[in-house]
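Spelled out from the first residue to the last, the chains are:
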Amino acid sequence: MKRNRLLNFVGKQAAKLIILIVVISMVAFFLVAVSPIDPVQMNTGQAAYANMSLEKRAQLEEYWGVNTPVVEKYTNWAKDIIHGDWGTSLRFNQPVLSVIAERFTNSLLLMIVAWLFSGVFGLLLGIAAGVYRGKLVDKIIKGYALTLASTPTFWLGLLMLMIFAVWLSWFPFGFSTPIGVSAAEATLGQRLYHLILPALTLSIIGVANIALHTREKVIDIMESDFYLFALARGESRGEALRHHCLRNLLLPAMTLQFASISEIFGGSVLVEQVFSYPGLGQAAVSAGIGGDAALLVAIAIISACFVFCGNLIANILYGVVDPRIRRGHGLG
Amino acid sequence: MALADLTVSVPVLAKARRKKLNQRKKTIVVFLFACLLLLGITVGGILAAETAVTADLSQKYITPSLQHLFGTDQLGRDMLARVVKGLSTSILIGLGAASCSAVLAILLGSAAALLGEKVDAAITWLIDLMLGIPHIVLLILISYALGKGFWGVTVGVALTHWPSLSRVIRGEILQLKETQYVKTARKLGQSSWRIAVKHMLPAVFPQFLVGLILLFPHAILHEAGITFLGFGLPPEQPAIGVILAESMKYLSVGMWWLAFFPGAALIGVVALFDLAGGSLRRLIDPHSAQE
């Protein structure tokens, strides 16, 4: 019985994911197809385009598939993808899958570091603010979180570059590896060194949400009867916090953190652009500017899957935390 | 002594007495500020339109001084004028996009709640779908589809921001449907349209207003982001995103003022409207004031 329900749950989620992928690929294809932007002109440049012979132009149009109808393009693409062929990125002149694999590992590294940073710091700041509620510490942390909610990610990135890379020269000015060293040759240390500044930017923004959430939870718990009872039993505040607060906090905080993956991804697109970091977001931007349909669609799908996984984990964690939701979901 | 005891035992009262401004007055003050700022920037934007694009090559790269408060850029254009003009463009797009988005949200939210299960399922699914793709990817796609430029950004932001508000409105209307007065109205034989307009709309309107005002800062931030990435306004229009994207080239030589002031001004506007929306919500929905 229990196994059946688990199978049911997995099947349902898999079906959801497949429908999601199909719909997103269709929407993305349609949007790219209706665009008035001519990919040939975008990629050859204004001057070269004007000087080009008509035959050459026709040849390039053929290459970019300008005149193929959308439906035909889509069915071709869909047929290929079932065979595991994601097409060729015309902009990068490489198979889409290899572009994505390379870019996604870079982005993933960045996002994981930022995600962990923001989770841990957010939790700590939230606890500090909650414990010293109404005091100066609380006001500073609250002000910090509220200000950051209205700060554009990329502007913060520019600021960090200015302060830490230009003025103090503590960190390199963007990129994921030292100049002249390819990604394969760079050591892990070098890569991490280049990663710190963008990751820090991302996590400074990401902290706000989780800090505010944790602060409220801490205040709730500190007003609860069981906390009062723990103090009455003679536990010190530190002990009571550790035993009764932290345990209640960790899971919801983790859930929130998983649910915020969409935001971290969005932020990483901007941050990668600022730091010239060769990640998925930067690839999306250049694919969008260059009209590279195959790559753009693939990135849309990958990002949606990524967010889907984050939300799924969050949902399962909700179930773990709260049995009422678990029953509704049918996960035993 | 007795008085001191009283203040200790009733902390809520004590707190209320210490505060000079109550929630309503605070909201009015914040709104006044926001409106003044809006007006100032709009007027300033019209006045500064000329200066913002006038290049003066003899006045390049001037650090902030009394003459040029925010300095000048690589073409000798006054940064203060550019920032004001850029903000007014951003605010215009933000307002337009947020309003469209809010209208979309109320239409879809109420359709989901009122038009039966199938419509509800479809719209809920659409909301989940929209929330499932990172905003920025969808924005890139939509603005690319519309050929970038003003309409690309506005439509993109309008189409991506409705889901969360729509969800709130749907929930609100579903609750309203179960209230006694709506049930009574139905029993009295009032038409669905009359119930929706007479009994539900006034109840949902405050939520809608708050949602609209809180959408606005979001819309501006996303507009700036997408313009910064190169999918929004063209370089001839000095939107904040354009200015910041241009400033990136000059960062490595230490021209901090090119990036610092436009961003700081943007934060100011966004934070003020966030505050306005937040305090309006606390006024309308006292539960949220408990934090």
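Just so we're clear, the structure is a prediction, and the values are computed from it rather than from any experiment.

J.: Is there a simple way to think about the overall build of chain B in this case?
T.: A count of helical and extended segments in chain B gives 12 helices and 0 strands. A buried classification covers 45% of the 291 residues belonging to chain B. Sequence-distant contacts in chain B: of pairs separated by 6 or more residues, those separated by 24 or more amount to 69%. Accessible surface computed for chain B: about 14600 Å², of which carbon and sulfur atoms make up 68%.

J.: Please explain the overall build of chain A as it appears in this structure.
T.: A tally of regular secondary structure across chain A gives 15 helices and 2 strands. For chain A, the proportion of contacts with a sequence separation of at least 24, taken over those separated by at least 6, is 73%. Total accessible area on chain A is roughly 16800 Å²; 65% of this is exposed by carbon and sulfur atoms.

J.: Looking at this structure, I do not really get helix H10 (residues 225-232) of chain A. What am I missing?
T.: An α-helical turn contains 3.6 residues, so a residue and the one three or four places further along point in the same direction. The N-terminus of H10 of chain A is capped by Ser224 of chain A, whose side-chain oxygen sits 3.4 Å from the backbone nitrogen of Tyr227 of chain A. Remark: Gly234 of chain A follows H10 of chain A within two positions and exhibits a positive phi of approximately 105°.

J.: Sorry if this is basic, but what is going on with the packing of aromatic side chains here?
T.: Given two aromatic rings, one states the distance between the centres and the angle between the planes to describe the pair. The tally for this structure, following the rule as stated, stands at 10 aromatic pairs over all chains. Summarising the aromatic geometry, the rings of Phe154 of chain A and Phe228 of chain B are spaced 4.4 Å apart at their centres and angled 20° between planes, so their arrangement reads as stacked. Here Phe154 of chain A, found in helix H8 (residues 153-167), pairs with Phe228 of chain B, found in helix H10 (residues 192-229), and the two come from separate chains. When sorted by exposure, Phe154 of chain A lands in the same class as Phe228 of chain B, which is buried.

J.: Teacher, can you tell me more about the nonpolar core here?
T.: Side chains that are nonpolar tend, in soluble globular proteins, to be buried together. By size, the foremost hydrophobic cluster in this structure holds 138 residues, and its most contacted members are Ile24, Ile100 and Phe275 of chain A together with Leu229, Leu244 and Leu266 of chain B. If one sorts the elements of this core by residue count, helix H14 (residues 293-321) of chain A sits on top with 17 residues. Residues from two domains meet in this core; each of domain 1 (2-83) and domain 2 (97-290) of chain A gives at least three. Setting aside its immediate chain neighbours within four residues, Leu229 of chain B contacts Val269, Leu270, Gln273, Val285 and Ile289 of chain A together with Ile136 and Ile140 of chain B. Among the nonpolar cores identified, the runner-up in size contains 13 residues, and Ala230, Ala240, Cys245 and Ala253 of chain A belong to it.

J.: Whenever I open this one, unusual backbone geometry confuses me. Can you help?
T.: Glycine aside, the phi torsion of most residues is negative, and most peptide linkages are trans. Despite not being glycine, Ser276 of chain A has its phi angle at roughly 50°, a positive value. Of note, Ser276 of chain A is situated in the loop between helix H12 (261-274) and helix H13 (280-290).

J.: Explanation requested: the packing of H14 of chain A against helix H6 (residues 135-145) of chain B in the structure shown.
T.: For any two helices packed against each other, one specifies the crossing angle of their axes together with the interaxial distance. Where H14 of chain A meets H6 of chain B, the axes come as close as 10 Å, and the angle between the chain directions of the two elements is 155°. On the basis of the axis angle, H14 of chain A is roughly antiparallel to H6 of chain B. Both H14 of chain A and H6 of chain B take part in a crossing whose hand is left-handed. Two secondary-structure elements touch here, H14 of chain A through Leu296, Ala300 and Ser303 of chain A and H6 of chain B through Val137, Ile140 and Leu141 of chain B. Residues that form the contact of H14 of chain A with H6 of chain B fall into these classes: 5 nonpolar, 1 polar and no charged.

J.: I would appreciate a short explanation of the environment of Arg170 of chain B in the present structure.
T.: All names here are of chain B. The residue Arg170 is located in helix H8 (residues 162-177) in this model. Spatially, the C-alpha atom of Arg170 lies 20 Å from that of Gly277, the residues being 107 residues apart in sequence. Not counting residues up to four positions away in its chain, the partners in contact with Arg170 are Gly109, Ala112, Ala113, Asp120 and Thr124.

J.: Teacher, can you tell me more about the interface of chain B and chain A here?
T.: For interface size, the figure often reported is the accessible area lost on association. The partner chain A presents 43 residues to the 39 residues of chain B that form the contact. Contact with chain A buries surface across chain B, with Leu141, Tyr144 and Ile267 of chain B losing the most and accounting together for 18% of the total. Connecting chain B to chain A are 0 salt bridges. Here chain B is connected to chain A by 0 residue pairs in polar contact (both at pLDDT 80 or more). The set of elements that each furnish at least two residues to the side of chain B that touches chain A consists of helix H5 (116-132), H6, H10, helix H11 (240-251) and helix H12 (256-284) of chain B. The greatest single-element share of the side of chain B that touches chain A, amounting to 10 residues, is contributed by H12 of chain B.

J.: What should I look at first to understand the confidence of the model for chain A in this one?
T.: The predicted coordinates ought not to be read in detail in places where the model reports low pLDDT. The pLDDT averaged across chain A works out to 80; a share of 86% of its residues lies at or above 70. The lowest-confidence element of chain A is helix H15 (residues 323-329) of chain A, averaging 60 in pLDDT; the highest-confidence one is helix H6 (residues 96-131) of chain A, averaging 88.

J.: Can you help me understand the packing of helix H4 (residues 79-114) of chain B against H12 of chain B in this one?
T.: All names here are of chain B. Two elements in contact, H4 and H12, have axes separated by 10 Å at closest approach and are oriented at 40°. One way to sum up the angle between H4 and H12 is to call them oblique. At the point where H4 passes H12, the crossing takes the right-handed sense. Contacts from Met79, Val83, Leu87 and Ile91 in H4 reach Trp257, Leu258, Pro262, Ala265, Leu266 and Val269 in H12. Counted by class, the contact of H4 with H12 contains 10 nonpolar, no polar and no charged residues.

J.: So what exactly am I meant to see when it comes to the pattern of salt bridges here?
T.: Oppositely charged side chains may form a pair once their charged atoms are brought near each other. Taken as a whole, this structure holds 7 salt bridges over all chains when the rule is applied. In this structure, the salt-bridge partner of Arg215 of chain A is Asp138 of chain A, at a minimum N-O distance of 2.8 Å. One end of the pair, Arg215 of chain A, is in helix H9 (residues 188-222); the other, Asp138 of chain A, is in helix H7 (residues 136-149), with 77 residues separating them in the sequence. Judged on exposure class, the residue Arg215 of chain A and its partner Asp138 of chain A are both buried. For Glu246 of chain B, the salt bridge is made with Arg82 of chain B, and the minimal N-O distance between the two is 3.4 Å. A residue pair is termed long-range when its members are at least 10 positions apart, and Glu246 of chain B in helix H11 and Arg82 of chain B in helix H4 qualify at 164 residues. Side by side, Glu246 of chain B and Arg82 of chain B carry an identical accessibility label, which is buried.

The rules we used
- Residues numbered from 1 in each chain as written.
- Chains lettered and ligands numbered in written order.
- Predicted model: local features only at pLDDT ≥ 70, side-chain atom pairs only at ≥ 80, totals over all residues.
- Heavy atoms only, no water.
- Helix = DSSP H or I, 4+ residues; strand = E, 2+ residues; numbered from the N terminus.
- Buried < 20%, exposed > 50% of the residue type's maximum accessible area, 1.4 Å probe, protein only.
- Contact = heavy atoms within 4.5 Å.
- Areas by Shrake-Rupley, 256 points an atom, 1.4 Å probe, with all protein chains shown as cover.
- Polar contact = N/O pair within 3.5 Å; in protein donor to acceptor, adjacent residues only side chain to side chain.
- Phe/Tyr/Trp six-rings, centres within 6.5 Å; stacked < 30°, edge-to-face > 60°.
- Core = buried A, V, L, I, M, F, W, Y, C linked by side-chain atoms within 4.5 Å.
- Domains from an automatic or database assignment.
- Axes fitted to C-alpha atoms, helices over the stretch in contact; angles between N-to-C directions.
- Parallel < 35°, antiparallel > 145°, perpendicular 65-115°, else oblique.
- Left-handed = near helix turned anticlockwise from the far one by under 90°.
- Nonpolar A, V, L, I, M, F, W, Y, C, P; charged D, E, K, R; others polar.
- Buried area = accessible area lost by both parts, 1.4 Å probe.
- Salt bridge = Lys/Arg side-chain N within 4 Å of Asp/Glu carboxyl O.
- pLDDT = per-residue confidence, 0-100.

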